[in-house]
Amino acid sequence: MKEAKIITRDLTLHYGQKMALNSINIQIPEKEVTAFIGPSGCGKSTFLRCLNRMNDLIPSVKIKGEIVIDGLNIYQKKIDVVNLRKKIGMVFQKSNPFAKSIFENIAYGPRINGHNNMHKLKEIVETSLKNAAIWDEVKDRLHDSALGLSGGQQQRLCIARTLAVEPEIILMDEPASALDPISTGKIEELIFELKKKYTIVIVTHNMQQAARVSDYTAFFYLGELIEHGKTRKIFTTPDIKQTEEYITGRFG
Amino acid sequence: MNSDQAKPAYIFTAESLRKKFRFSEFFAEKLITSVAFLSIAVIILIFFFVFRESLPAFKHRLKATTEESRASAGNKPENYGSSEPATSEKKPETYKGEEKGTTEKKPETYTGAEPTAAKKPETYTGAEPTAANKPETYGAVKDTSVSADEVNPDESLRPSEKAENQGSLISLFGIEWFPVSENPRYGLIPLFIGTFKVTMIAILFAAPISILAALFSSSFAPPWLREWIKPAIELLAGFPSVVIGFFALMVMATFLQNMFGYVTRLNSFVGGIAMALASIPVIFTITEDALTAIPATYKEASLALGASKWQTAVFVTLPAATPGIFAAVLLGVGRVFGETMIALMATGNAALSGLNPFESVRTLAATIGAEMAEVVFGDMHYGILFLIGSLLFIFNFSINAIAEFYIKGKLVRKIQGR
Amino acid sequence: MRLKNKIIGGAITVSSALSVILIIAVIVIILVVTIIGGKDKLSWEFLTSFPREGMMEGGIFPAIYGTALLVIIMSIAAVPFGAITAIYLSEYAHEKSWLAQTIRFAVRTLATVPSIIFGLFGLGFFIQFVGAGMDNWFLGGQLKWAQPNILWASLTMALLTLPVVIVSVEEAIRTVPRELREASLALGATKWQTIWKVVIPGSISGIMTGTILAVSRGAGEVAPILFTGAAYSLATLPTSLSDQFMNLGYHIYVMSTQSSNVDQTLPIQFATTLVLLMLTFTLNLTAVLIRSRLRRRVK
C-alpha cells in the first residue's frame, strides 16, 4: 500500500440522536482511487462529506473522532474550513453548474481566490478544461451558458471547475449515476487520468464501476466500515461474508 | 512510494490551514443579522410609540384632579375655534340631518364637511407650531386642554360621575363620541358598536362565499381551471382599498339603496359589503391552502368507500381543514377590523349606537383616519385617537397570534393574498 | 335517498361554483365600471397637466408624480432591508432557533398590522420623535422635519411593504438549489461569497417580484399617508424630502368625500381611479406572471 493520505480514527457521526457512522477507521492511499460501496443509506456518502467537512453545514450533525490528512487533524478547532475545501475538491451526484457561462463556471474558483488577471484566468480555464477532457467539445463556446451542455458534459465541466482550484484530493459522490453509458465511460477514463495527480475518493452504487476504476475498495454497511482493501481482493476473495453477499448481489 | 512524492508534499499543514479572520465575512454576517432584527424592532417600536402618544389621554384626566384648572386656558379654546368650528359644530347636526334625510342629502352633507378638507393643508400649518415645539410646550398644551376639557360642563353633563378620578374611564365607556364640540365627549361605545356591526356584516358575506369558492377550487374544479381561479381571485387582493371604497361610495351605495330602499345612503351595510370584498381574497387563499393541504389519502379512502365527490368534500375534506378555515376567517376579521379607507368612504361616518344595519356608523379605524389630521398635537383628543390605535394594534396582534397557532408558517404570503 | 343525495350534491357544487363566479364578476364589474366612468376624461393631457380651477378642471400630474416619488423612496428603503432580512432567514438563521422564529413571527405580524396603525406610527415616531429630534439637534428648534413630508410618508410606507419584500425574496431564495450552494462552498468559497455570487443572482427574479408587489401596494395604500405627508392640493411639485406631496389614492379619497362639488368632478374621480387601478393591476399581473414562470422553472 502507498503512503496513506487520509487516515480516520474512530470517526463517529450522529444526525441528532441517530447514529449514521460508527467508529470508522480507514487509511486512504495517496494518488490512488478508493471506491466506497454499499447499499443506499449505509453512510458512504455521509462519510465522504466528512472528508471536506461539508457536513458542517447541517446543524444537527455531531462528529467525534479524527480525520487526519498529511498528519493534520482537520477537525481541530483552529482549522480554516474554507481553505481546507480549496484543497479538497468535490464532485456531486447531480451535475450542478452555475447559471453562468462555461468560462465563468471554471473561473469561479480562481476568482474567489483573488485571481482577476484575465490572461491568467484564460490560462487556468484552458488547462482545467483540457485536464477534464472537455476542452475540444467546448472551446468554441466558452461564453455560452453552461446549462446548455449535455448531462455528461456538465459533469465533466464540474470536474474541470474543481480542478481549477488546484486541489490535492478529489471527492466524487456517485458522479456518473445520472449519466448514460457513453458519458459514464468518459468520466471513468477521466478518473483514470486524474489519479496520476490527485488522490481520488469515489462513492458509487455501481459495483462494476468500482471494480473498473478503483485501486482500493471500502465496503460500508449500516454506518460501519465492514471491509477495506485492494479492489481485486475485495471483489474476488473478500474476508467477510457480508461483503461477499453484497458483491455477489445477494442483498442491497 | 514514487520519486515525485518526495517533493514539497505536505500542503495540509497547520500553518496553511490556520483559521483566518475574514473581515468581510464577519461584517456581512453581523450586518445581515442586525438588519434582520428590524422587523422585531418595528413591532416593538410601533407598540411603544403608538402607546406613548396615547398617554395624553390618561394624563389629562389625572392632572385635572390634582391641579386646579389653570387660568392659562385662554389660548386653547381659540385654537379650537380657529381650526375646528366648521367641523365640530356641524358634525352632530349634519349627522342628525342625515338620519332623517333622504339620499339626496348626501352630497350636501359632504358640502357641510368640506371646509375641513379644503383646509387640511392649512390645518396642518396651524398645528405645526405645536408639533414643532412639542418637547417644550407639551406640558403647557396639556394643561390648557385639560382645563378646556375638564372645567367645562363635562361634569354637569354627567352628574353620575362619582369621583373625578374615574372620570376618564367612565367617559371612555360613554355612548357619545363628540370629540370636537364645546364639551367634548369621548365615548368609545358607538365606535365599537359601529366596528362590530361592519365586521359582522362583512364576515357574514365574505366567509361563506370565500369558503364555498375555495371548496370549488380545491375539490370540484378541474386542475386547469384551478390554475386560473386562484390568481384571478388573488388579483382582487391587489385592488387598493381606496378603489374599493370609491366603487362602494359611487356605485354600490346607490345600487343597494335602490334595491333595498333604506333611507341612509351610506351605512354599515354598504360598508360591510365593501369590506367583504377586501377580506374575500384573504379568507379564500388561506382556506384554499388548508383544503389542498389535506392529504390525498384521506379523500381516496372516502371515495373508495363509495362516497361521492361532494360527500368527500363536505364530510371529509372540510372538517379536516377546520383549523385552517378558522384561522382564515380570523384573519379576515382582522383585515376588516383595521380597514380604514373603505370605512371612511362607505359607512357614513356617524357615531351612532343603534343596531340597525342600515344606519350610518363610524368605525374605530375610520375615526383615526378622519380626525387625526384635525387635532391639536398632544391634546386629549389626539391621545384618545392614539389610544384607539393601540387597541386596534393589540386586537390585531392577538388575532394574528391565534391564527398563527392554527396555521403555523406560510402565513404572510397568504395575508397579502398573493 | 339517492335523489336527495343528488340534490344536495348538486346544490353544493352549483353554489360553490356560483361563489367563484360571483367573486370574479365583482372584479370584472369594478374594472368595467371604472373604465366606463373614467375613459372619457382620460387623455395624455389629463395625465400630464396640473389641476385647474380648484380641481374642477385639468389633470392629475402632481398626484402621479407624488405617487411615483413615494414608491421610489419607499423601494430604496424597503427593498434592501427586506432582501437582507430574507437572506438572514434563509441563509444564516437556524430554522428552529428562537431568534429566527421570533423574526418570522414579527414579519407575519407586520403583514397583518392595519395600515392606519402604520400611519399613527409614522406620526408618532418619524414626525414627533425623529423629526422633532432632528429639528432640535440640527436646526435649533426651527421647524423643518417635525411635520408631515414625503420622506416620512415613504418610510412609513416602506415599513408597511417590508413583509411583502421579505416573503417574495425568501421564496425566491428557496428556489436556488442546495446543490449550487454546495458546489460553491466545495470550491472554497466563503458563505458570503456564495450568497453574493450564487444565491443573490439566482433570486433576482424574486427580488424583482418583491419590488413590484411592494410598489403596487405602496401606490395603492392611503391610510398610512393620511397624516404623514399627503396633501390635497399643492401648487408646486415636491422638490425636497421635507415637502408634502400629492398622491393618487389620497386624491380619490378627498375628491370623492370631502370636496364641495363631488358631482361636477365625478369624471375626474373616475379617471383618477382608473389610473390608479390600472397601475396596480398591471403591476400585480406582472408579478403573478414572473412568479408563475419562476414556479414552473422549479418544477
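Note that the structure is a prediction, hence the values are computed from the model and not measured.

Asker: Lay out the overall build of chain A with the relevant residues and their values.
Answerer: Within chain A, the regular secondary structure consists of 10 helices and 10 strands. Rg of the C-alpha trace for chain A: 18 Å, near the compact-globule value of 18 Å for 252 residues, within the 12% margin. When the backbone C-alpha atoms are referred to their principal axes, chain A occupies close to 55 × 45 × 35 Å. Here chain A, with 252 residues, has 57% of them falling under the buried criterion. Put simply, chain A shows about 10700 Å² of open surface, and 49% of that area lies on carbon and sulfur atoms.

Asker: Please provide a residue-by-residue account of the overall build of chain C, values included.
Answerer: In terms of regular secondary structure, chain C is built from 11 helices and 2 strands. Along its sequence from the N terminus, chain C presents helices and strands in the succession α-α-β-β-α-α-α-α-α-α-α-α-α. Projected onto the principal axes, the alpha-carbon positions of chain C cover approximately 75 × 65 × 35 Å. Expressed as a percentage of contacts within chain C between residues at least 6 apart in sequence, the contacts between residues at least 24 apart total 72%. When the accessible surface of chain C is split by element, carbon and sulfur atoms take 68% of a total near 11600 Å². Distance from the positive charge centre (22 side chains) to the negative charge centre (14 side chains) of chain C: 16 Å.

Asker: Please set out a nonpolar patch on the surface residue by residue, giving values where relevant.
Answerer: On the surface, Phe21(B), Phe23(B), Phe26(B), Phe27(B) and Leu31(B) cluster together into a nonpolar patch covering about 560 Å² of accessible area. Along the polypeptide, Phe23(B) turns up in helix 1 (residues 23-36).

Asker: Kindly report on the pairing of strand 4 (residues 61-69) of chain A, identifying the contributing residues and their values.
Answerer: Residue and element names in this part refer to chain A. Pairing of strand 1 (residues 4-15) with strand 4 involves 8 bridges; the strand directions are antiparallel. Within strand 4, the position partnered with Thr12 by the bridge is Lys64. Across 2 bridges, strand 4 lies against strand 5 (residues 72-73) in antiparallel orientation. Paired with Ile69 across the strands is Leu72, a residue of strand 5. Hairpin connection of strand 4 to strand 5: 2 residues between the antiparallel strands, including Asp70 at a positive phi of 50 degrees.

Asker: Could you give an account of the interface of chain C and chain A, with specific residues and numbers?
Answerer: Counting residues at the interface gives 17 residues for chain C and 23 residues for chain A. Of the roughly 1700 Å² buried between chain C and chain A, counting both surfaces, carbon and sulfur atoms make up 65%. If you look at where chain C meets chain A, you find 1 salt bridge. At the junction of chain C and chain A, the tally comes to 5 residue pairs in polar contact (both at pLDDT 80 or more). Taken together, the elements giving at least two residues each to the side of chain C that touches chain A come down to helix 7 (178-186) and helix 8 (191-202) of chain C. For the side of chain C that touches chain A, the element with the most residues is helix 7 of chain C, which contributes 8 residues.

Asker: How would you summarise the packing of helix 3 (residues 61-92) of chain C against helix 8 of chain C if you had to cite specific residues and measurements?
Answerer: Helix-helix packing is described using two parameters, namely the angle between the two axes and the distance between the axes. All names here are of chain C. Two numbers describe how helix 3 lies on helix 8: the axes approach to 12 Å, and their chain directions differ by 115 degrees. Taken together, the axes of helix 3 and helix 8 lie roughly perpendicular to each other. Here the hand of the crossing between helix 3 and helix 8 comes out right-handed. Contact with helix 3, carried on its side by Ile87, Glu91 and Tyr92, involves Lys191, Trp192, Ile195, Val199 and Ile200 of helix 8 and no other residues of that element. Residue classes in the contact of helix 3 with helix 8 are distributed as 6 nonpolar, no polar and 2 charged.

Asker: Provide a residue-level description of the packing of helix 3 of chain C against helix 4 (residues 98-112) of chain C, including the pertinent values.
Answerer: Residue and element names in this part refer to chain C. Here helix 3 crosses helix 4 at 140 degrees, and the two axes come no closer than 10 Å. Here helix 3 lies oblique to helix 4, going by the angle between them. In this structure, helix 3 crosses over helix 4, and the sense of that crossing is left-handed. Across from Thr85, Tyr88 and Leu89 in helix 3, the residues of helix 4 making contact are Leu99, Ala100, Ile103 and Arg104.

Asker: Go over the packing of aromatic side chains with me, naming the residues and quoting the values.
Answerer: The tally for this structure, following the rule as stated, stands at 37 aromatic pairs over all chains. Their ring planes at 45 degrees and their centres at 6.2 Å tell us that Phe393(B) and Phe397(B) sit as a pair that is tilted. You can see Phe393(B) and its partner Phe397(B) sitting in helix 19 (residues 380-406), 4 residues apart, about one turn around the helix. A relative accessible area of 31% places Phe397(B) in the partly exposed class. With centroids separated by 5.9 Å and ring planes inclined at 25 degrees, the aromatic side chains of Trp192(C) and Trp196(C) adopt a geometry described as stacked. One end of the pair is Trp192(C) and the other is Trp196(C), both in helix 8 and 4 residues apart, which spans about a single turn. Owing to a relative accessible area of 23%, Trp192(C) belongs among the partly exposed residues under this scheme.

Asker: Which residues make up the environment of Pro319(B), and what values go with them?
Answerer: As for its placement among the helices and strands, Pro319(B) is situated in helix 15 (residues 309-320). Taking the C-alpha atoms as reference points, Pro319(B) and Ile280(B), separated by 39 residues in sequence, lie 20 Å from one another.

Asker: So, the pairing of strand 9 (residues 216-221) of chain A: which residues are in play, and what are the values?
Answerer: Residue and element names in this part refer to chain A. In terms of burial, strand 9 is largely enclosed, as 5 of its 6 residues are buried. Where strand 3 (residues 33-37) meets strand 9, 4 bridges bridge the pair, whose relative direction is parallel. Bridge pairing in strand 9 links Phe36 to Ala218. Sheet topology note: the strand 9/strand 10 (residues 224-230) ladder contains 6 bridges and is antiparallel. Counterpart to Phe219 in the pairing with strand 10 is Glu227. In this antiparallel pair of consecutive strands, strand 9 and strand 10, the connection spans 2 residues, and Leu222 shows a positive phi of 50 degrees.

Asker: Can you break down the environment of Glu176(B) residue by residue, with the values?
Answerer: Residues and elements named next belong to chain B. Within the secondary structure layout, Glu176 lies in the loop between helix 9 (167-172) and strand 1 (177-178). Judged by relative accessible area, which is 34%, Glu176 ranks as partly exposed. Each C-alpha atom of the pair Glu176 and Ile189 lies 7.5 Å from the other, and the pair is 13 residues apart in sequence. Each residue touching Glu176, except ones within four places of it in the same chain, is listed here: Arg185, Tyr186, Gly187 and Pro190.

Asker: Summarise the interface of chain B and chain C; cite the residues concerned and give the values.
Answerer: At the interface, 92 residues of chain B touch 100 residues of chain C. For the chain B and chain C pair, buried surface summed over both sides reaches about 8700 Å², with 77% attributable to carbon and sulfur atoms. The interface formed by chain B and chain C holds 0 salt bridges in total. Our count for the chain B to chain C interface comes out at 5 residue pairs in polar contact (both at pLDDT 80 or more).

Asker: Tell me about the confidence of the model for chain C, and name the residues and values.
Answerer: Low pLDDT means the predicted coordinates in that region are not meant to be read closely. Residue and element names in this part refer to chain C. Overall, the prediction assigns chain C a mean pLDDT of 89, with 98% of residues at 70 or greater. Per-element averaging of pLDDT across chain C places strand 2 (residues 57-58) at the bottom with 80 and helix 3 at the top with 94. Two summary scores accompany this predicted model of the complex, namely pTM at 0.81 and ipTM at 0.91.

Asker: Let's hear about the side chain of Arg181(C): which residues, and what values?
Answerer: All names here are of chain C. If you trace the backbone, Arg181 turns up in helix 7. A relative accessible area of 16% means that Arg181 is categorised as buried. Among the polar contacts made by the side chain of Arg181, one reaches the side chain of Glu91 at a distance of 2.7 Å.

What counts as what
- Residues numbered from 1 in each chain as written.
- Chains lettered and ligands numbered in written order.
- Predicted model: local features only at pLDDT ≥ 70, side-chain atom pairs only at ≥ 80, totals over all residues.
- Heavy atoms only, no water.
- Helix = DSSP H or I, 4+ residues; strand = E, 2+ residues; numbered from the N terminus.
- Rg over C-alpha atoms; globule rule 2.2 N^0.38 Å.
- Buried < 20%, exposed > 50% of the residue type's maximum accessible area, 1.4 Å probe, protein only.
- Areas by Shrake-Rupley, 256 points an atom, 1.4 Å probe, with all protein chains shown as cover.
- Contact = heavy atoms within 4.5 Å.
- Lys, Arg positive; Asp, Glu negative; His and termini not counted.
- Charge placed at Lys NZ, Arg CZ, Asp CG, Glu CD.
- Patch = residues over 30% accessible without salt bridge, like charges linked within 9 Å, V, L, I, M, F, W, Y side chains within 5 Å.
- Salt bridge = Lys/Arg side-chain N within 4 Å of Asp/Glu carboxyl O.
- Pairing = 2+ DSSP bridges.
- Buried area = accessible area lost by both parts, 1.4 Å probe.
- Polar contact = N/O pair within 3.5 Å; in protein donor to acceptor, adjacent residues only side chain to side chain.
- Axes fitted to C-alpha atoms, helices over the stretch in contact; angles between N-to-C directions.
- Parallel < 35°, antiparallel > 145°, perpendicular 65-115°, else oblique.
- Left-handed = near helix turned anticlockwise from the far one by under 90°.
- Nonpolar A, V, L, I, M, F, W, Y, C, P; charged D, E, K, R; others polar.
- Phe/Tyr/Trp six-rings, centres within 6.5 Å; stacked < 30°, edge-to-face > 60°.
- pLDDT = per-residue confidence, 0-100.

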